[in-house]
Amino acid sequence: MNDLYERWKRTVEMLELEGIIKSKEVKEAFLKYPRYLFVEERYKKYAHIDEPLPIPAGQTVSAPHMVAIMLEIAKLKPGMNVLEVGTGSGWNAALISYLVKRDVYTIERIPELVEFAKRNLERAGVKNVHVILGDGSKGFPPKAPYDVIIVTAGAPKIPDPLVEQLKPGGKLIIPVGSYHLWQELLEVIKKKSGDIEIKSHGGVAFVPLIGEHGWKE
Ligand code: SAM
């Protein structure tokens, strides 16, 4: 375990040196919840490597740099209401919960992963993440409006319900593009005036967002 933590600490320091982890809060979150707590036993020794890793049901937990980039764009502060779409392993939700210090809602379409994430979160001692089974391309209206919605799967276009469920001044972070190979990481800001501003943060590669406002199965 110690060896895993030492290797993880070096990864975090490398991401900081590279300027990918910028804030002390994101660094603290990464050190509090190492990625090896959210993968199966056989992958733990690879969890410090800056690449995606397999999780059950043919899905992936994103590379550490990708998660750090999205969290730095999100600029999460204590008290913010956040929805994550695409729970996967539960790792990103745990990091979000550390940053907002309140209940976090995360939605996953594959029942096996809902159970996987719940087990990981429990073992990591995370108590304020609520994992919901459902189609996150429709958002999660019961807890809307959100300050930030982070989507960790690639969509063919920006799903309207997610923009609707943002507070004025809120932001949606979402990869938009092709089915598997390439998407553009978008930051969609819902201005207080109601106008939408879209910033691009470059090319990324995520598994597809499958659902009513995503790709069809
Ligand atoms: N954030 C995750 C983590 O920390 O491990 C990694 C997410 S993985 C790259 C993308 C996840 O999105 C997969 O688990 C996939 O099943 C899920 N997904 C795809 N479409 C979805 C949808 N419409 N609603 C909810 N989850 C969805």
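The numbering scheme is per chain: residues are counted from 1 as the chain's sequence reads. Only residues with pLDDT of at least 70 get local features here, since the model is predicted, and only at 80 or more are side-chain atom pairs given and counted; chain-wide, interface and lining totals rely on the full set of residues. Values shown for side chains rest on all heavy atoms present in the structure; no hydrogens or waters enter the calculation.

1. Brief notes about the pattern of salt bridges
Thinking step 1. By salt bridge we mean one thing: a side-chain nitrogen of Lys or Arg within 4 Å of a carboxyl oxygen of Asp or Glu. For the structure shown, the criterion picks out nine salt bridges.
Thinking step 2. Close ionic contact of Glu25 with Lys24 constitutes a salt bridge, the shortest N to O distance being 3.7 Å.
Thinking step 3. Exposure categories follow from relative accessible area, calculated using a 1.4 Å probe and restricted to protein chains: below 20% of the type maximum is buried, above 50% is exposed, and the middle band is partly exposed. The class of Lys24 is exposed, set by a relative accessible area of 57%.
Thinking step 4. One salt bridge in this structure joins Glu40 and Arg42, with 3.4 Å as the shortest N-O distance.
Thinking step 5. Accessibility expressed as a relative area gives 53% for Arg42, which makes it exposed.

2. Quick notes on the site of the ligand
Thinking step 1. Neighbouring residues of the ligand: 27 residues in total, closest Glu84, Ser89, Glu108, Gly136 and Ile210.
Thinking step 2. Residues adjacent in sequence count toward polar contacts only when both atoms are side-chain atoms; beyond that, a polar contact is any pair of N or O atoms within 3.5 Å, and within protein one must be able to donate a hydrogen and the other to accept it. Contact between the ligand and Ile210: a nitrogen atom at 2.7 Å from a main-chain N or O atom of the residue.
Thinking step 3. For the accessible areas, the method is Shrake-Rupley and the probe is 1.4 Å, while residue cover comes only from the protein chains on display. The fraction of the free accessible surface of the ligand (610 Å²) that becomes covered by protein chains is 99%.
Thinking step 4. For helices the rule is a DSSP run of H or I covering at least 4 residues; for strands it is a run of E covering at least 2, with both sets numbered from the N terminus onward. Contributing elements (two or more residues each) for the shell around the ligand: β2 (59-61), α4 (91-100) and β4 (104-108).
Thinking step 5. For the shell around the ligand, the element with the highest residue contribution is β2, accounting for three residues.
Thinking step 6. Gly is placed with the polar residues, together with every amino acid not listed as nonpolar (Ala, Val, Leu, Ile, Met, Phe, Trp, Tyr, Cys and Pro) or charged (Asp, Glu, Lys and Arg). Here the shell around the ligand is composed, by residue class, of 10 nonpolar, 13 polar and four charged. Consider each residue's heavy atoms; a residue with any of them within 4 Å of a molecule or strand counts as near.

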